[in-house]
Amino acid sequence: MSTILITGATSGLGRYVAFELVRSGHVVLAHGRDRNRTERLVAELRTEGEAEGFVADLARLAEVRELGARVAEARPDLDVLINNAGVGGGTPGSGRELSADGHELRLAVNYLAPVVLTRSLLPVLRSNAPARIVNVGSAGQEPLDFTDPELSRGYTGMAAYCRSKFALAAHTFTLAEELADSEVSVNVLHPATFMDTAMVRESGIAPWNSVADGAPGVLALATQDVGSGGYYDGTRRARAHEETYDPQVRKRLAAVTEQLLTV
């Protein structure tokens, strides 16, 4: 059985997956932004198995780094990371939002935070190989404008969301190549379309699927050896946006990411 950290575990898909994992005998490390909600979740999970809570605001990159350090110290047996937490497109027509660090909010939470958290936990994951990283992405992907990666012009929440998920997919493929000899796999998936979550409802979209529909893909990638560097639509191997596979696009993304993380 694995020790699995899942971000954004207090609601929606993350909560559902956390219960499925703990019921299967895995140790679940449940991350949440709100301390009370996280503590309530962990109390519920502990009626089913072993669980521990970790609180951090992923819109603050210093807290993301601290989260990684706390998890690595508390659970040196960690062997699976599920980057699930995310911010959706927001209320239609709402304005551009910034993170605590001044980054465009969706890029910060959906992309920069998983990059930072993964980096901070890679030493632990490597030491517990074979290990797995699962990035919860989306079929909604739109290439970044590298001259304006934080979408300061022509902003819409949905465009920001789709660009952050494009970046996450492209980063996944780059990281998979970097980890090719390490027995640490990394994959990205679109769990299901318009699941019944607060994120989807806030966007004004009538849900098409339940979170239960989105869980099998996440669970498969977290618990099964399926290789590395893949994009999945649910449990089915699929193709991400074609530009996510372009070496030049990925190289530019890596350079922009370093710039954003050093500001």
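Only a predicted model underlies this, so the values are computations on that prediction, with no experimental measurement involved. (Residues numbered from 1 in each chain as written. Predicted model: local features only at pLDDT ≥ 70, side-chain atom pairs only at ≥ 80, totals over all residues. Heavy atoms only, no water.)

Some points on the overall build of the protein chain
- On a plain count of helices and strands, the protein chain comes out with eight helices and eight strands.
- At 17 Å, the protein chain has a C-alpha radius of gyration in line with the 18 Å of a compact globule built from 263 residues.
- Projected onto its principal axes, the C-alpha positions of the protein chain cover 50 × 40 × 35 Å.
- A total of 263 residues make up the protein chain; the buried ones form 55% of that total.
- Put simply, the protein chain shows about 11,300 Å² of open surface, and 48% of that area lies on carbon and sulfur atoms. (Helix = DSSP H or I, 4+ residues; strand = E, 2+ residues; numbered from the N terminus. Rg over C-alpha atoms; globule rule 2.2 N^0.38 Å. Buried < 20%, exposed > 50% of the residue type's maximum accessible area, 1.4 Å probe, protein only. Areas by Shrake-Rupley, 256 points an atom, 1.4 Å probe, with all protein chains shown as cover.)

Focus on the side chain of D79
- With respect to the helices and strands, D79 occurs in the loop between α3 (61-74) and β4 (80-83).
- One buried charged residue, D79, forms no salt bridge at all, with the nearest opposite charge on R132 at 6.2 Å. (Lys, Arg positive; Asp, Glu negative; His and termini not counted. Salt bridge = Lys/Arg side-chain N within 4 Å of Asp/Glu carboxyl O.)

Some remarks on unusual backbone geometry
- A cis amide bond links A129 to the next residue, P130, at an omega of 5°.
- Mapped onto the secondary structure, P130 falls in the loop between α4 (105-127) and β5 (131-136).
- In this structure, L151 takes a positive phi of about 50° despite not being glycine.
- Tracing the sequence through the fold places L151 in the loop between β5 and α5 (157-178).

What to know about the packing of aromatic side chains
- Evaluated as defined, the whole model comprises one aromatic pair.
- Aromatic pair F173 and Y245: ring centres 4.7 Å apart, planes at 10°, arrangement stacked. With F173 in helix α5 and Y245 in the loop between β8 (236-238) and α8 (247-262), this pair connects stretches of sequence that are 72 residues apart.
- Its relative accessible area of 5% is what places F173 among the buried residues.
- The ring of Y245 has R239 sitting right over it, with the charged end atom 3.9 Å from the ring centre. (Phe/Tyr/Trp six-rings, centres within 6.5 Å; stacked < 30°, edge-to-face > 60°. Lys NZ or Arg CZ within 6 Å of the ring centre and 35° of its normal.)

Things to note about the packing of α3 against α4
- Closest axis-to-axis distance for the α3/α4 pair is 9 Å, and the angle between their directions is 25°. One element, α3, and the other, α4, form an angle in the roughly parallel class. The handedness of the crossing between α3 and α4 is right-handed. Contact residues: L61, V64, R65, L67, G68, V71 and A72 in α3; L112, A113, V116, L117, S120, L121 and V124 in α4.
- For the contact of α3 with α4, a count of residues per class yields 11 nonpolar, two polar and one charged. (Axes fitted to C-alpha atoms, helices over the stretch in contact; angles between N-to-C directions. Parallel < 35°, antiparallel > 145°, perpendicular 65-115°, else oblique. Left-handed = near helix turned anticlockwise from the far one by under 90°. Contact = heavy atoms within 4.5 Å. Nonpolar A, V, L, I, M, F, W, Y, C, P; charged D, E, K, R; others polar.)

A few points about the sheet that holds strand β1 (residues 3-6)
- Here we have eight strands laid out as an open sheet, ordered β3-β2-β1-β4-β5-β6-β7-β8, and mixed in their pairing. Among the strands making up the open sheet, the edge pair consists of β3 (51-55) and β8. For this sheet, the mean inter-axis angle between neighbouring strands, taken without regard to orientation, is 25°.
- In the packing of helix α1 (residues 12-23) onto the sheet, the strands contacted are β1, β2 (27-32), β4 and β5, and the crossing angle to β1 comes to about 170°.
- Running over the sheet, α5 touches β5, β6 (184-190) and β7 (231-233) and is turned about 155° from β6. (Pairing = 2+ DSSP bridges.)

Describing the pairing of β3
- Both β2 and β3 contribute to a ladder of five bridges, which runs parallel. Across the sheet, the residue bridging to L29 is E52, located in β3.
- On the question of chirality, the crossover connecting β2 to the parallel β3 by way of helix α2 (residues 35-45) is right-handed. (Right-handed = clockwise from strand over helix to strand, strands pointing away.)

Re the pattern of salt bridges
- This model, assessed by the stated rule, comprises 15 salt bridges.
- Residue D145 is joined to R153 by a salt bridge in which the shortest nitrogen-to-oxygen separation is 3.5 Å.
- For D145, a relative accessible area of 28% puts it in the partly exposed group.
- Look at R153 and you get partly exposed, because its relative accessible area is 49%.
- Each member of the salt-bridge network shares a partner with another, and the members are E50, E52, R75 and D77.

Brief notes about α2
- Within the span of α2, buried status applies to T38, L41, V42 and L45. Take α2 and look down its axis: the buried residues cluster within an arc of 100°, on one side only.
- Here the buried face of α2 lies against α1, β2 and β3.
- One side-chain oxygen of the residue at the start of α2 lies 3.1 Å from the amide nitrogen of N36, identifying that residue as D34. (Arc of directions from axis to C-beta. Polar contact = N/O pair within 3.5 Å; in protein donor to acceptor, adjacent residues only side chain to side chain.)

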